[in-house]
Amino acid sequence: QVQLVESGGGLMHTGGSLRLSCAASGRTFAGYNMAWLRQAPGKERERVAIINGSGGTTSYVDSVKGRFTISRDNPKNTVYLQMNSLKPEDTAVYYCAAGRGWSLDVTDYDYWGQGTQVTVSS
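Residues numbered from 1 in each chain as written. Predicted model: local features only at pLDDT ≥ 70, side-chain atom pairs only at ≥ 80, totals over all residues. Heavy atoms only, no water.

Notes on the pattern of salt bridges
Okay, step 1: This structure, assessed with the given rule, holds 4 salt bridges.
Okay, step 2: Between Asp 90 and Arg 38 there is a salt bridge; the shortest N-O distance is 3.0 Å. Linking Asp 90 in the loop between strand E8 (78–83) and strand E9 (92–99) with Arg 38 in strand E4 (residues 33–39), this pair joins segments that are 52 residues apart in sequence.
Okay, step 3: The exposure class of Asp 90 is buried, given its relative accessible area of 0%.
Okay, step 4: In this structure, Lys 65 and Asp 62 form a salt bridge, with 3.0 Å as the shortest nitrogen-oxygen distance.
Okay, step 5: For Lys 65, a relative accessible area of 49% puts it in the partly exposed group.
Okay, step 6: Looking at Asp 62, the relative accessible area reads 61%, which means it is exposed.
Okay, step 7: By sharing partners, the salt bridges in this structure join Arg 38, Glu 46, Arg 67 and Asp 90 into a single network. (Salt bridge = Lys/Arg side-chain N within 4 Å of Asp/Glu carboxyl O. Helix = DSSP H or I, 4+ residues; strand = E, 2+ residues; numbered from the N terminus. Buried < 20%, exposed > 50% of the residue type's maximum accessible area, 1.4 Å probe, protein only.)

A closer look at the side chain of Asn 52
Okay, step 1: Structurally, Asn 52 is set in the loop between strand E5 (46–51) and strand E6 (58–60).
Okay, step 2: Under the relative-accessibility criterion, Asn 52 is labelled buried at 17%.
Okay, step 3: When sequence neighbours within four positions are dropped, the list of residues in contact with Asn 52 reads Tyr 32, Asn 33, Thr 57, Arg 72 and Trp 102. (Contact = heavy atoms within 4.5 Å.)

Here it is, written out as C-alpha cells:
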C-alpha cells in the first residue's frame, strides 16, 4: 500500500515558478514509476511528466517540455515537479500517481494523491 500526499500548489503570475512535492508512505516507493498528472476544468486528465523508479528516465508531454522538471528522492520517498515559466494554461489540479507500468492510461495508476490546485494568472 502506498499513500501519496501532494503539496506546493498555489497562485502564481504568468512566468513564475512553483515546486510541487509528493510525499509517499510505504517501503516500496522505489519500485514504482511516479507521474504527475493534471486536470483543468472541463478537460480530461493528462499526464504531464513521469519518472522511473531509479530516477534515471523521464518523459514529458510536449506542452511542458523545457519548462517542467520531474525528479525524485527515493530515501525521502518524495517526487517533485519543478514548474518554471508558468502559463495560464497550466492552471489545473495536479495529482501525483504511482504505477508499475510506463505508458499507462491515466486511469490505470495504482495509487493517487488528493491533488493540489495550481492557478496561473495572466
